[in-house]
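Spelled out, the chains give:
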Amino acid sequence: MTTLPIRAPQAPVLPGFARVVSTVLIILDVFTEAQDRARAAHKQYPFADW
């Protein structure tokens, strides 16, 4: 009876780097959404003082 070799899956070279990049992209997405909402609020209330 033959057996299949069991191998560990290949892990990314820098898993921490991927996490850092993901965090930076999430932060940029949050700032972009905040800017969009600020523009929409300014368009709706043009004379409000922020």
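It should be noted that the structure appears before, not after, this text.
Residues numbered from 1 in each chain as written. Predicted model: local features only at pLDDT ≥ 70, side-chain atom pairs only at ≥ 80, totals over all residues. Heavy atoms only, no water.

Colleague: I keep staring at the overall build of the chain and nothing clicks. Help me out?
Modeller: Within the chain, the secondary structure is distributed over one helix and zero strands. Put simply, the chain has 50 residues, and 0% of those count as buried. Surface exposure of the chain reaches about 5,400 Å², of which carbon and sulfur atoms provide 66%. (Helix = DSSP H or I, 4+ residues; strand = E, 2+ residues; numbered from the N terminus. Buried < 20%, exposed > 50% of the residue type's maximum accessible area, 1.4 Å probe, protein only. Areas by Shrake-Rupley, 256 points an atom, 1.4 Å probe, with all protein chains shown as cover.)

Colleague: Hey, could you run me through a nonpolar patch on the surface in this one?
Modeller: A grouping of Leu14, Phe17, Val20, Val21, Val24, Leu25 and Leu28 is seen on the molecular surface, where their side chains present a nonpolar patch of about 650 Å² in accessible area. Take Val21: it is sitting in helix α1 (residues 15-44). (Patch = residues over 30% accessible without salt bridge, like charges linked within 9 Å, V, L, I, M, F, W, Y side chains within 5 Å. Salt bridge = Lys/Arg side-chain N within 4 Å of Asp/Glu carboxyl O.)

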